[in-house]
Structures are given as structure tokens and as C-alpha cells.
Amino acid sequence: MFVALAKVRDLASNTDIGYIGNISTGGFMLFANREFPYRSRRLVSLSLPHPTRGMVTVQAGIRIAWQTKDAQKPRQQSTGCQILAVEPADRLALLQSAMAYGMAA
């Protein structure tokens with residue numbers, strides 16, 4: 001399952017902050033293990049299953065676009081993340097992973 005494999009790590013604090021629920025080249029939904037300030041910016045690494053290269057790690061600058069508490073899991077936040085900056089080769093890896101695993105492209 002994609003969600004179990006796609007880990008997100010905050011590079012400033014060097015901590016895992018959650019898992020990707022869905023992804024596109026413009027953003028992703030994060031199942032976060034904590035709250036983030038609205039519109040805050042972060043530098044993160046995304047570990048993604050790639051259809052031909054195995055696991056790949058992509059670094060991206062993101063902005064927190066929205067956030068809601070998960071009624072089923074009180075310690076989890078559903079968080080919308082807009083991708084602001086990513087290297088072109090990394091953007092291609094995002095697109096290929098999203099298309100291969102049925103996520104939004």
C-alpha cells in the first residue's frame with residue numbers, strides 16, 4: 001500500500017512527520033503526527049516507491065495549505081501540502097510514482 005511506504009521527513013528537525021495519503025506534482029495530503037502552523041513553510045524529504053527504481057527520496061519545499069483533525073485517530077492530522085519548490089528530476093519521479101500507484105497526477 002502506497003500510504004505505508006511514502007514517509008515524509010522534516011529536514012530542519014530531522015524527524016519523521018507522517019505519511020503521504022495522495023500525491024500529485026503540485027502537492028500532497030499528509031497524514032501528519034502533529035499540527036503545523038497554517039501557511040508555514042518546510043523543507044521535507046519524501047520517500048516514495050518508484051515503479052522502476054525502487055524507493056526514491058525527493059526533497060521539496062512545501063507550504064501548509066490546510067489541516068483537519070482525523071476523527072478516527074485523534075493524534076493524527078490530515079494536512080494539505082502545496083509543493084513550492086522541487087528539482088525537475090525529482091518532479092518527474094513524483095509524477096511517475098503518482099501515476100504508477102493510482103494517486104492523483
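For the structure itself, consult the block above.
First things first, this report covers the structure right here in the doc.

How each quantity is defined
Residues numbered from 1 in each chain as written. Predicted model: local features only at pLDDT ≥ 70, side-chain atom pairs only at ≥ 80, totals over all residues. Heavy atoms only, no water. Core = buried A, V, L, I, M, F, W, Y, C linked by side-chain atoms within 4.5 Å. Buried < 20%, exposed > 50% of the residue type's maximum accessible area, 1.4 Å probe, protein only. Helix = DSSP H or I, 4+ residues; strand = E, 2+ residues; numbered from the N terminus. Contact = heavy atoms within 4.5 Å. Pairing = 2+ DSSP bridges. Axes fitted to C-alpha atoms, helices over the stretch in contact; angles between N-to-C directions.

In terms of nonpolar packing, the biggest core is built from 23 residues, with Phe28, Leu46 and Leu48 touching the most fellow members. Ranked by residue count, the leading element in this core is strand E5 (residues 54-69), at five residues. Setting aside anything within four residues of it in sequence, one finds Leu46 in contact with Lys7, Val8, Ile20, Ile23, Phe28, Val56, Thr57, Val58 and Leu94.

Moving on, we get to the pairing of strand E4 (residues 41-50). Regular strands place side chains that alternate from one sheet face to the opposite one. Here E4 lies mainly inside the structure; seven of its ten residues are buried. Across four bridges, the pairing between strand E1 (residues 7-10) and E4 is antiparallel. Bridge pairing links Lys7 to Ser47 in E4. With ten bridges joining them, E4 and E5 adopt antiparallel strand pairing.

On to the environment of Ala60, then. Here Ala60 lies in strand E5. Looking at Ala60, the relative accessible area reads 1%, which means it is buried. Each C-alpha atom, one on Ala60 and one on Ser40, is 14 Å from the other, the two residues being 20 residues apart in sequence.

Here we take up the sheet that holds strand E2 (residues 15-23). Taken together, the six strands give a closed barrel; going around it, the order is E1-E2-E3-E6-E5-E4, and neighbouring strands pair in antiparallel fashion. Taken pair by pair, the neighbouring strands of this sheet meet at an average axis angle of 45 degrees, ignoring direction. Here E5 runs beside strand E6 (residues 77-86); their pairing, made up of nine bridges, is antiparallel. Looking across to E6, one finds that Trp66 is bridged to Gly80. Packing against the sheet, helix H2 (residues 88-100) makes contact with E2, E4, E5 and E6, and its axis sits at approximately 50 degrees to E4.

Looking now at the pairing of E6. Most of E6 is tucked away: seven of the ten residues are buried. Pairing analysis gives six bridges linking strand E3 (residues 27-32) to E6, with the strands arranged antiparallel. Its bridge partner being in E6, Leu30 is matched across the sheet by Thr79.

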